[in-house]
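Structural overview
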Amino acid sequence: MILCSTTHRILAQLAQYQGKGICVRATSGITRSKKGASVANANSQPPTTSSENTLPGPFELPDKPAFLIDEYLRSITGESKPKSLQKDDSQAALEATKKLGLSSYRAIVYTEDELKKCDLSKPPSPENPHPFNPAHIPPTYSRSIAPYVNTSNCLQALVELGVDLFEVDTSNPTLTKRLVRLDLEKDVKPRLQWLVNEVGFEPSQLGEYLTRNPFFLLQELDDMRARVGYLDSKGFSKEEIVKIVDGCRFWVNFDVETIDHRLGWLHRELKLTAPQIRALISLEPRLIQFGVGQLERISKLLGKELNFRAEQVKRMLIKDPRVFLMNAKTLTETFIYVNRIMRLSKDLISKNPLILRCHLSAIRNRHEFLKKLGRASYEDIEALVPRPHEPSSQLEASRESPAEKSNELIPVVEMALFLHPSDEIFARKAARTYLEVYNDFLRTH
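These notes cover the structure that comes with them. (Residues numbered from 1 in each chain as written. Predicted model: local features only at pLDDT ≥ 70, side-chain atom pairs only at ≥ 80, totals over all residues. Heavy atoms only, no water.)

1. Overview of the overall build of the protein chain
- When you go through the protein chain residue by residue, the secondary structure sums to 24 helices and 2 strands.
- A buried classification covers 33% of the 445 residues belonging to the protein chain.
- Considering only intrachain contacts with a sequence separation of at least 6, the fraction spanning at least 24 residues in the protein chain is 66%.
- Total accessible area computed for the protein chain in this model is approximately 27800 Å², and 53% of it derives from carbon and sulfur atoms. (Helix = DSSP H or I, 4+ residues; strand = E, 2+ residues; numbered from the N terminus. Buried < 20%, exposed > 50% of the residue type's maximum accessible area, 1.4 Å probe, protein only. Contact = heavy atoms within 4.5 Å. Areas by Shrake-Rupley, 256 points an atom, 1.4 Å probe, with all protein chains shown as cover.)

Right under this line is the structure:
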């Protein structure tokens, strides 16, 4: 060991005075005592100042706290800590463990013959004790559900079904506190058996459904039976019920009174018949999930602000109910473009409500491409009526299409082809050109 000169001097002084019966203490000096006798605590008696018991200044140890000098001397000599300090350290470690939320266990000492008759293939009991293993105990605190999976049969069964516990944990952090307390036999199995045997789900659908609706495991089974029974009483077939429960993930979470009120609003306000309501809910069951407020807002927007007739609003709802789930501002911007720029009539829009759900940039690109080719002629173009903000010169210019100048007959573009999701079908059948030409237009437009 390499020691500094100060350390060499201190050790030499210690060796010199230990042979003379002098005991070194953590005080401001060195006191003399009888050989072999114990010295009292440094704090109990003040150090003597007589020349007989105290050595001169060059041989005095520095005036430091007792525990610092003791730690320094123990680090040099290799001695262990006193038992009192060891007990204080263990107590401090235990308090730090409790503050961090970590699990701490009392040391278990087994007798020699206690575990001889232990059978690990059988569950533990007082007659068949198992050795205690802290790894088999769930953590007392965790920020995620992952550490509990190894000790929970319920969570392991959900993983085997295909449930994405990471998605459930991140999207519903407060829900996982209740999931770890579920019992597989009492809470989970009866609900899954009802979903498969009575509702009609396939076992392969359970994992995806529980990932999207983990609150299903917390619902009362009798309440869910009543909610599905309500659909059966309204004349929905078994296939339609499966589609509704799977398509609207929170359907079984709504009470019967809420569902009945929302279906009644469709019957009263939009004058839908029972078969029309069944077809509408089967086509888009999320209408009930969004509530009456969204439906009322869009129906008033179409009827009062955009001046659609009542039968046209009803037609759009039956044909494409997703229009009523759109953002009102986005819907208005798309309507202004297709009605005022493309000159499509409201009747044609109500027959093809998909155009209101398409992205405005995609509609603009296709219309500008057809306009450049001189083929922007649709099935039912609205009559060109001057508007207050539109100059008459602009109206006259818009009336003069390329076809009128060349006296050629332009084929009418069907809206089904204009709205086709494939660019190739649109280019070949609607624009009567090649896909490469349309792609070049998109790159340079």
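Next comes the rest of the account.
2. Examining the environment of V338
- Mapped onto the elements, V338 comes out in helix α16 (residues 328–341).
- It is 8.4 Å that separates the C-alpha atoms of V338 and L356, two residues lying 18 residues apart in sequence.
- Once residues within four sequence positions are removed from consideration, V338 is found in contact with R343, L344, I349, I355, L356 and I363.

3. What to know about the packing of helix α11 (residues 256–269) against helix α12 (residues 274–283)
- The N-to-C vectors of α11 and α12 enclose an angle of 125°; their axes lie 11 Å apart at closest approach. As the angle between them shows, α11 and α12 are arranged oblique. Between α11 and α12 lies a crossing whose hand is right-handed. When α11 is examined against α12, the residues L263, L266 and H267 are found in contact with a partner set consisting of I277, L280 and I281.
- Split by residue class, the contact of α11 with α12 holds 5 nonpolar, 1 polar and no charged. (Axes fitted to C-alpha atoms, helices over the stretch in contact; angles between N-to-C directions. Parallel < 35°, antiparallel > 145°, perpendicular 65-115°, else oblique. Left-handed = near helix turned anticlockwise from the far one by under 90°. Nonpolar A, V, L, I, M, F, W, Y, C, P; charged D, E, K, R; others polar.)

4. Re the pattern of salt bridges
- Applying the stated criterion across every chain, the model contains 15 salt bridges.
- With its nearest N and O atoms 3.7 Å apart, the salt bridge here joins R297 to E305.
- R366 is paired through a salt bridge with D423; the nearest N and O atoms lie 2.8 Å apart. Of this pair, R366 sits in helix α19 (residues 360–373) while D423 sits in helix α23 (residues 423–430), and the two are 57 residues apart along the sequence.
- On the basis of relative accessible area, D423 is assigned to the partly exposed category, the value being 32%.
- Within the structure, one salt-bridge network assembled from shared partners comprises E198, D222 and R225. (Salt bridge = Lys/Arg side-chain N within 4 Å of Asp/Glu carboxyl O.)

5. Let's talk about helix α9 (residues 221–233)
- Relative to the 18 Å expected for 13 residues at 1.5 Å per residue, α9 spans 18 Å between its end C-alpha atoms, a close match to the ideal helical length.
- Looking at α9, one finds that the buried residues are L221, M224, R227, V228, Y230 and L231.
- Packing partners of the buried residues in α9 comprise α7 (184–199), α10 (238–247) and α11.
- Following α9 by one or two positions, G235 has its phi on the positive side, about 95°. (Expected span 1.5 Å × (residues − 1).)

6. Focus on the side chain of R227
- Considering the arrangement of structural elements, one finds R227 in helix α9.
- Despite its burial, R227 pairs with no opposite charge, the nearest such side chain being D223 at 4.3 Å.
- A distance of 3.3 Å separates polar atoms of two side chains, one belonging to R227 and the other to Q219.
- The contact partners of R227, leaving out residues within four places of it in the chain, are Q219, W251, V252, N253, F254, D255 and V256. (Lys, Arg positive; Asp, Glu negative; His and termini not counted. Polar contact = N/O pair within 3.5 Å; in protein donor to acceptor, adjacent residues only side chain to side chain.)

7. A closer look at the packing of α12 against helix α15 (residues 310–319)
- Remark: α12 packs on α15, axes separated minimally by 9 Å, with the N-to-C direction vectors making an angle of 50°. With respect to each other, α12 and α15 are oriented oblique. Residues Q276, L280 and L283 of α12 lie in contact with α15, whose contacting residues are K314, L317, I318 and K319.
- Across the contact of α12 with α15, the residue classes break down as 4 nonpolar, 1 polar and 2 charged.

8. Focus on the environment of P147
- Position of P147 among the secondary structure elements: in the loop between α3 (83–100) and α4 (153–161).
- Classification of P147 as partly exposed rests on a relative accessible area of 37%.
- When neighbours within four sequence positions are excluded, P147 is seen to be in contact with P139 and S142.

9. Side note on the environment of S299
- Inspection of the secondary structure assignment puts S299 in helix α14 (residues 292–305).
- Residue classification places S299 among the buried residues on the basis of a relative accessible area of 14%.
- A sequence separation of 18 residues divides S299 from L317, and the C-alpha atoms of the two residues are 9.1 Å apart.
- Aside from chain neighbours lying at most four places away, what touches S299 is W265, L270 and F324.

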